[in-house]
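Descriptive structure summary
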Amino acid sequence: MADGNALTLQHAKHLLRRTGFGASQAEAAAFLASHATRGDAANALLSFKPAGFKPGGRYFEDIHDKWIKYMLKVKSPLQEKLVLFWHDHFATGISKVLDAKMMAVQNKLLRVNCKGNFKTFVKAINVDPAMMEYLDTPRNHDEIPNENYARELQELFTLGVKDSAGFDNYVQADVAQIARAFTGWDYDKTAYLRDYDHDFAVDYPTRGPKVIFQSTGGFGGGGRSFAANGEGEAEISTVVDIIFDHEDSQGKNTVARRTARRLIEYFANPSPSLAYIDAVVAASGFDTNFELSGLLHQIFVHDDFYLTAVAPVGAGTPKSVRWPIDYVVTSLRLLKMKLKGKELYVDGGSYNRVLNQLSNMGQTVFDPPSVFGWDWEAAWVSSSTMLARYGFARDLTAARGGGGSSFRPSKLMSLDLTDPNDILAAATDVLGITGDLSLSEQSTLVDYLTDGGAFPSLDLNDYDVRNVKLHGLFALLMQTPAYQLQ
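Please read these numbers as outputs of a predicted model, since none were measured by experiment.

Attention now moves to empty space enclosed by the protein. Applying the stated criterion across every chain, the model contains two cavities of 30 Å³ or more. Lining the largest cavity are 15 residues, and of these Arg18, Tyr266, Val321, Trp323 and Gln486 sit closest to its centre. Of all the elements in the fold, those that place two or more residues in the lining of the largest cavity are α5 (77–89), α13 (254–267) and α17 (324–334). Classifying every residue of the lining of the largest cavity by side-chain character gives seven nonpolar, two polar and six charged.

Encoded structure:
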């Protein structure tokens with residue numbers, strides 16, 4: 001069984017990197033010493049109790065920065081990696097919602113439900129005020145239904161447009177009918193139903209019975225009625241129950257397969273095999289219980305999860321590009337640095353605030369570009385966004401103001417090292433990329449330290465040497481492909 005498989009140091013580092021915000025070589029070794037098997041490690045990572053943290057503030061900048069600060073200090077990084085995933089999955093943006101407090105409430109909702117029951121989670125999202133505003137639920141009326149939420153509920157949140165064999169999971173008639181269930185809903189501080197604005201069958205007999213999935217889902221020609229438990233408020237819950245019973249063209253639970261695929265793409269592999277997907281669903285029973293914690297456990301212990309643990313970069317299964325937010329938070333945590341001031345700026349280089357740094361890298365949390373969230377992988381990489389990442393690395397290692405907002409290598413490694421190879425090894429240990437560099441990259445970095453061999457040893461206790469060579473080495477390492485990928 002994969003649960004009982006021994007964890008190696010390389011695997012421990014990979015697991016901590018993918019489920020959290022990086023790990024130094026020492027942190028990975030300590031984790032391995034306490035968790036010898038994959039199952040033990042997965043259990044430890046998933047043992048957290050979801051926190052009720054909600055970023056406070058009246059304005060977008062307030063909640064943005066409060067969330068960043070929380071990610072920098074959270075004791076269970078997997079929790080925030082899951083919140084980021086669900087923020088992308090249930091994408092909602094301040095640009096349309098225009099209410100920071102509602103966005104903060106949704107952020108807490110994502111956190112509380114991040115590893116719980118997925119069906120319960122979707123039902124909660126149905127009536128989340130930020131989501132309702134973003135996808136036009138208050139503008140969905142009995143006389144003129146708005147199909148926006150009904151479409152995205154199926155396309156993005158649960159079923160997907162097509163199944164693994166390329167067959168449609170729903171048709172336009174299903175969108176139109178589900179939109180009827182959500183007519184009349186509005187929110188104040190919480191959601192409520194305006195009965196006078198709801199589509200009751202008796203008032204609109206020409207729209208036919210409230211039935212969905214007559215041609216997909218394995219329900220037969222009769223489909224399923226979402227008014228079976230009563231009309232009005234109950235319908236939106238019944239719709240979700242029916243969606244979670246949907247089967248694809250191969251007789252597999254559609255929601256379970258798609259949710260597993262998306263989580264694997266995020267945590268493990270940008271192109272997972274169907275065998276991996278089906279194995280973790282079956283082992284966890286996710287297709288019947290829809291418990292996310294069990295599904296995540298199986299994802300983290302499966303052999304395929306560790307396919308991308310191989311090093312150096314370029315060997316084995318293609319790795320994933322770190323999200324900008326992951327790159328920023330990981331760097332700050334590994335270097336044991338804080339952002340400075342009320343505006344959370346980097347205390348060096350361009351002295352730019354982290355909100356702008358992230359925006360330049362292509363990601364502004366609380367404001368994804370569309371209902372589809374962010375494009376992942378290669379979409380994170382362009383000449384401008386990579387220059388922004390390099391600039392962030394430069395700024396971090398140039399921070400000299402003093403205190404926790406400064407880059408202080410003496411807090412991370414010994415300054416008594418003199419051999420350039422030992423210095424390089426110590427720096428890669430700090431950044432968690434030991435063994436991930438090619439021989440050519442290592443040789444180039446040693447040449448940098450020694451000025452092409454002119455100075456075969458270094459005195460890191462000399463301020464000028466440390467300020468130029470060691471600080472520069474960390475900046476260069478943070479710009480390598482090995483550090484951009486995971």
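Structure shown, so let's carry the discussion forward.
Our next topic: helix α18 (residues 354–361). Considered for burial, the residues of α18 that qualify are Val354, Leu355, Gln357, Leu358 and Met361. Projection of α18 onto a plane perpendicular to its axis shows the buried side chains occupying an angular sector of 160 degrees, all on one side. In the core, the buried residues of α18 are packed alongside α4 (60–73), α17 and α19 (383–397). Directly after α18, the chain includes Gly362, whose backbone phi takes a positive value near 105 degrees.

Empty space within the largest pocket amounts to approximately 390 Å³. Along the wall of the largest pocket there are 19 residues; nearest its centre are Leu16, Gly22, Lys75, Pro77 and Arg333. Elements supplying a minimum of two residues to the lining of the largest pocket: α1 (9–19), α2 (25–34), α3 (38–45), α5 and α17. Looking at the lining of the largest pocket residue by residue, the classes come out as ten nonpolar, five polar and four charged.

What follows deals with the nonpolar core. Judged by nonpolar contacts, the single largest core of 144 residues is most densely connected at Trp86, Phe90, Phe118, Phe300 and Leu335. Broken down by element, this core gets its largest block of residues, seven residues, from α13. Beyond its immediate sequence surroundings of up to four residues, Phe300 is in contact with Leu15, Thr19, Ala42, Leu46, Leu78, Phe267, Phe305 and Tyr306.

What follows is about the packing of aromatic side chains. The final tally for this structure, using the stated rule, is 29 aromatic pairs. On the basis of an interplanar angle of 55 degrees and a centroid distance of 5.6 Å, the ring pair of Phe118 and Phe244 is categorised as tilted. You can see Phe118 sitting in helix α8 (residues 118–126) and its partner Phe244 sitting in the loop between α12 (235–243) and α13, a full 126 residues away along the chain. Considered together, Phe118 and Phe244 belong to a single accessibility category, that of buried residues. One cation-aromatic arrangement involves Arg207 over Tyr204; the distance from NZ or CZ to the ring centre is 4.0 Å.

This part takes up the environment of Glu265. If you trace the backbone, Glu265 turns up in helix α13. Residues Glu265 and Trp376 lie 111 residues apart in sequence; the distance between their C-alpha atoms is 9.6 Å. Every residue in contact with Glu265, bar those within four places of it in the chain, is listed here: Pro270, Pro272, Trp376 and Glu377. Side-chain polar atoms of Glu265 contact the side chain of Arg262, separated by 2.8 Å.

Parameters at a glance
Residues numbered from 1 in each chain as written. Predicted model: local features only at pLDDT ≥ 70, side-chain atom pairs only at ≥ 80, totals over all residues. Heavy atoms only, no water. 1 Å grid on protein atoms, 1.4 Å probe; cavity = no way out; pocket = protein on both sides within 12 Å on 5 of 7 lines; lining within 4 Å. Points joined across faces, edges and corners; volume = space filled by probe spheres on them. Helix = DSSP H or I, 4+ residues; strand = E, 2+ residues; numbered from the N terminus. Nonpolar A, V, L, I, M, F, W, Y, C, P; charged D, E, K, R; others polar. Buried < 20%, exposed > 50% of the residue type's maximum accessible area, 1.4 Å probe, protein only. Arc of directions from axis to C-beta. Contact = heavy atoms within 4.5 Å. Core = buried A, V, L, I, M, F, W, Y, C linked by side-chain atoms within 4.5 Å. Phe/Tyr/Trp six-rings, centres within 6.5 Å; stacked < 30°, edge-to-face > 60°. Lys NZ or Arg CZ within 6 Å of the ring centre and 35° of its normal. Polar contact = N/O pair within 3.5 Å; in protein donor to acceptor, adjacent residues only side chain to side chain.

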